Amino acid sequence: MRRGIAKFAATAFLAACLVTAAAHAEGEKIVASFHSMAEPFFVEMAKQARLEAKRLDIHLVIVDGQSSSPEQTANIEIAVTQEVAGIVMAPQDASALAYAADEAIADDIPLITVDRSLIGTSKPVPHVGADNVAGGRMMAELAGKTFPDGANIVLLLGMPGSSSADDRARGMHEVIARLGPKYRIVAEQPANWTRDQGLTVTQNILTALAGHPPDIILAANDDMALGALEAISQAGLRGAGIKVVGFDATPDALAHVKSGEMLATVEQDPGRQIRTALGELVANIRNKTPMRTTAIQPILILRDNLGDAARIGEVR
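Summarised in this report is the structure supplied together with it. (Residues numbered from 1 in each chain as written. Predicted model: local features only at pLDDT ≥ 70, side-chain atom pairs only at ≥ 80, totals over all residues. Heavy atoms only, no water.)

## A few points about the pattern of salt bridges
Then comes step 1: Inspection of the entire model under this criterion finds 13 salt bridges.
Then comes step 2: For arginine 286, the salt bridge identified is with glutamate 28, shortest N-O distance 2.9 Å. Pair noted here: arginine 286 is in helix H10 (residues 270-287) and glutamate 28 is in the loop between helix H1 (2-24) and strand E1 (29-34), with a separation of 258 residues, a long-range link.
Then comes step 3: On the accessibility criterion, glutamate 28 (21% relative accessible area) is partly exposed.
Then comes step 4: We note a salt bridge from glutamate 44 to arginine 311, for which the minimum N-O separation is 3.1 Å. Of this pair, glutamate 44 sits in helix H2 (residues 40-56) while arginine 311 sits in the segment after strand E12 (299-301), placing them 267 residues apart in sequence.
Then comes step 5: Several salt bridges converge on common partners, so that one network encompasses Arg137, Asp167, Arg170 and Glu174. (Salt bridge = Lys/Arg side-chain N within 4 Å of Asp/Glu carboxyl O. Helix = DSSP H or I, 4+ residues; strand = E, 2+ residues; numbered from the N terminus. Buried < 20%, exposed > 50% of the residue type's maximum accessible area, 1.4 Å probe, protein only.)

If you want it as C-alpha cells, here you go:
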C-alpha cells in the first residue's frame, strides 16, 4: 500500500513538472533523483545542478527520494514512463535501486549515478563521485598523524547500504588495521548522515565510555560530526581534547575547522560532481558520446589549507 501511495505521489509530481517543462521550451527533459534533500550536501548539489542546467539549456526536474528506496524507485519508474531524455541518480541503496535502474536501461534511457553508485544492474552504470575509500583512508591517516603513540577511535558511519557509507568505512578500517594495535576502535555505530542522530549516538557512546573519552571521532559526514561536537559540549568534555573529523566540507563544518573546534573535514565538491555527471549525460543524449566513470580525488581540509575548500567563500 505504501509503495502504491508513493508511486501515485511521484506520478503526480513528476508528470506535472515534466508537462510544465515541455510547455516552456524544447530542451531535453532530464530527471535528477537525489536520495535525500534533507542533507546539506544534496541541497548544495541541487543548487549547482540548477545552475548547470541553465548553462546546458536542459529542463531539469529534481526529485527528493526522502531517504526511501521505495519512494526513489517509484520516482525512477515514473521518469521512465514519461520518456525523459536522461536520468541522473544518487541512489539511497546501492542494490535496492538496481531494479528501477534496469527499467531505464531496458528502455534505452541514458542513466548515470552521482556521489553514490549502483550494484547488481543488468549493465554497468557510469558513475561520477568522490573516491570515498580514499576519503576514509585520509580520515584514519590523520588520526595516526595526530596521535602518533596510539588512539582510541570512535567511528560514526553513514546509512548502511549506501555505497558512500560503505566505502568510507572500508577506507577507515583499512588504515586503522594497518596502524596497528595501539589504535583501537572503541565504538562504531551508524548515525545515518543526520546531525540529530550524530548527537544522540555520540551521547550514548560517551556515556558508555564514562571516564575514558575517545581521542578522536571520525564521522562519515559533517552533519554527524557537528552532532558529535554538540554531544561533547553537552557532556562537559570540550576541554578533554577530543578531536572530530567530518566529511563534505560544508560551510558550517569549515567554520568549525577555522575556529579549531573541528580538526578537519574532507572535500568532495558536490558542484564538480553534478556538473561532470550532467555534462556526460547531455553529451551522450546529443552526440551519443559514451559516458565515462569519473573518480574525483577528495581533499583533506585542515586550518592551513581552508582555501582549497570549494565553499570557503560561504564561511563568514
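## Some points on helix H8 (residues 222-234)
Then comes step 1: Between its first and last C-alpha atoms H8 spans 18 Å; for 13 residues at 1.5 Å apiece the expected length is 18 Å, and the two agree.
Then comes step 2: Most of H8 is tucked away, with 10 of its 13 residues classed as buried.
Then comes step 3: Every buried residue belonging to H8 is among Asp222, Asp223, Met224, Ala225, Leu226, Gly227, Ala228, Leu229, Ala231 and Ile232, and all of these are buried.
Then comes step 4: Capping of H8 at its N-terminal end is provided by asparagine 221; its side-chain oxygen lies 3.5 Å from the backbone amide nitrogen of aspartate 223.
Then comes step 5: Immediately beyond the C-terminal end of H8, within one or two residues, lies glycine 236, with a positive phi of roughly 70°. (Expected span 1.5 Å × (residues − 1). Polar contact = N/O pair within 3.5 Å; in protein donor to acceptor, adjacent residues only side chain to side chain.)

## Quick look at the sheet that holds E1
Then comes step 1: Pairing is parallel across the open sheet formed by 6 strands, whose spatial order is E2-E1-E3-E4-E5-E11. Strands with a single pairing partner mark the edges of an open sheet, and in this sheet they are strand E2 (59-64) and strand E11 (294-296). Taken pair by pair, the neighbouring strands of this sheet meet at an average axis angle of 15°, ignoring direction.
Then comes step 2: Note: E1 against strand E3 (residues 86-90), 5 bridges, orientation parallel. Note on E3: the bridge partner recorded for serine 33 is methionine 89. (Pairing = 2+ DSSP bridges. Axes fitted to C-alpha atoms, helices over the stretch in contact; angles between N-to-C directions.)

## Observations concerning unusual backbone geometry
Then comes step 1: The phi torsion at serine 67 lies on the positive side, around 55°, for a residue other than glycine.
Then comes step 2: Phi is positive for aspartate 108, close to 60°, though the residue is something other than glycine.
Then comes step 3: Overall, the relative accessible area of 68% leaves aspartate 108 in the exposed class.

## A word on the pairing of strand E4 (residues 111-114)
Then comes step 1: Side chains Leu111 and Thr113 project from E4 onto one buried face, and the interleaved Ile112 and Val114 project onto a second face that is buried too.
Then comes step 2: Taken together, the 3 bridges between E3 and E4 define a ladder with parallel strand orientation. Directly across from methionine 89, in E4, lies its bridge partner threonine 113.
Then comes step 3: Bridging between E4 and strand E5 (residues 127-130) involves 2 bridges; their strand directions are parallel. Note that in E5 the partner of valine 114 across the bridge is valine 128.

## Section: the pairing of strand E7 (residues 183-190)
Then comes step 1: Bridge count for strand E6 (residues 151-157) against E7 is 7 bridges, and the pairing is parallel. Bridging from a neighbouring strand, leucine 156 pairs with glutamine 189 of E7.
Then comes step 2: With respect to chirality, the unit in which E6 leads through helix H6 (residues 163-179) into the neighbouring parallel E7 is right-handed. (Right-handed = clockwise from strand over helix to strand, strands pointing away.)

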